[in-house]
Amino acid sequence: MKIGTHEFDCKNKTYVMGILNVTPDSFSDGGKWGTVDLALKHAEQMISEGAAIVDIGGESTRPGYTRITEDEEIARIEPVVEQVKKHFDIPVSIDTYKSRVAKAAIDAGADMVNDIWGLQFDPKLADVIAAAGVSCCLMHNRDLESRPYRHFLTDVAADLCESVRIAKQAGIAEETIILDPGVGFAKTYEQNLQMIRSLGTLQELGYPLLLGASRKSVIGITLDTPVEERLEGSLVTTVFAVLQRCAFVRVHDVKEHVRAIQMTQALC
C-alpha cells in the first residue's frame, strides 16, 4: 500500500510507527514533547532509529482521559505536523477521531488518519478522509455499556467490518485502509491477551493490520511493572505481531522494536 509518497510491502514486512504525543497527560510520555522543538527532536530520533511512520497525537486517550476542545487539539498538532513534514521525508499519521482536527492536520500535511473509533464516533470523519484521499487506520472500539460482547473475537471482527463498510461507503479507497484490533480499548485483561494471541484470525478480513500494544496495561499487569519498565513485554508483543504477519506496530521505543522485528524476520 501507499501512505503519502511511500510504498509499504504489507504482505512481507512489518514496519514501525513511532508515537509522538504532544500532550501533557498521555499515560506513558505525557509532557515530554510538548513544544515544537522537542517534538521535532524526538521525531528525528525515531526516524534515525528506523521509524517508517510518525504518529502525532494531541489528545490523550488513556483510560479516564479528559476530552479537550477541537481548537486546543488543533493548536497542539498543527504546527508539529507542518514542521515534521517540512524537515523529514516520512509519512505522518494524525491520531484523532474528530473530523475537524483531521482536516486541519491533513491541510498541514498529514498523510494518514489514525482513528481510535474506526469512523464510528464522528460521522463526518470518513468524508474528510475520502475527500483528501489519505490513508486511514481504523481501530476497534465499542461502548460496552450499550453493546456488551456476546462472542468476543467474532464481535471484534464484525465491528471492524462495520468500520470498513463506513469507509467504503464514504468513498475511501480499499487500498488505503489499515485495521487495528484495539488492544487496551473496551477489553478486559484476558481479552487483550486473547486479541494479541489471535491477531492471525483478523488476516481473513483482507486488510493490513496494525498492533498497538506498546507499554499498555496488559503488559504492566502481566509483569507487574510500571509504565517505564514495560519494554521487554512490549517487544514480545511485537514478535507476536511479526509471526502473525502484522504490517505495522505502533510503539514508543523505536530502536529496540526495529531490532526485534529484524531478528524475528531473519528467523522466519
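Residues numbered from 1 in each chain as written. Predicted model: local features only at pLDDT ≥ 70, side-chain atom pairs only at ≥ 80, totals over all residues. Heavy atoms only, no water.

Turning our eyes to something else, we now look at the sheet that holds strand β10 (residues 248-251). Taken together, the 8 strands give an open sheet; going across it, the order is β8-β7-β6-β5-β4-β3-β10-β9, and neighbouring strands pair in parallel fashion. The open sheet has two free edges, formed respectively by β8 (177-180) and β9 (210-211), since each of these has just one partner strand. Pairing geometry for strand β4 (residues 53-57) and strand β5 (residues 92-95), over 4 bridges, is parallel. Counted as the bridge partner of V54 is V92 from β5. Against the sheet, helix α9 (residues 254-267) contacts β3 (15-21) and β10, and its axis sits at roughly 170° relative to β3. (Pairing = 2+ DSSP bridges. Helix = DSSP H or I, 4+ residues; strand = E, 2+ residues; numbered from the N terminus. Contact = heavy atoms within 4.5 Å. Axes fitted to C-alpha atoms, helices over the stretch in contact; angles between N-to-C directions.)

Attention now moves to the packing of helix α2 (residues 70-87) against helix α3 (residues 99-108). Where α2 contacts α3, the axes come no closer than 8 Å and their chain directions differ by 20°. Judged by the angle between their axes, α2 and α3 are roughly parallel. In this structure, the crossing between α2 and α3 has a hand that is right-handed. Seen from α2, the contacting residues are E70, D71, E73, I74, I77, E78, V81, E82 and K85; seen from α3, they are R100, V101, A104, A105 and A108. For the contact of α2 with α3, a count of residues per class yields 7 nonpolar, no polar and 7 charged. (Parallel < 35°, antiparallel > 145°, perpendicular 65-115°, else oblique. Left-handed = near helix turned anticlockwise from the far one by under 90°. Nonpolar A, V, L, I, M, F, W, Y, C, P; charged D, E, K, R; others polar.)

Attention now moves to the packing of aromatic side chains. Per the stated rule, a full pass over the model turns up 6 aromatic pairs. Their ring planes at 90° and their centres at 5.0 Å tell us that Y149 and F152 sit as a pair that is edge-to-face. For the pair shown, Y149 and F152 are each scored as buried. Feature note: the residues F8, Y15 and F248 constitute an aromatic cluster, connected by ring pairs. (Phe/Tyr/Trp six-rings, centres within 6.5 Å; stacked < 30°, edge-to-face > 60°. Buried < 20%, exposed > 50% of the residue type's maximum accessible area, 1.4 Å probe, protein only.)

Everything listed here is a matter of coordinates, which is why it stays silent on function.
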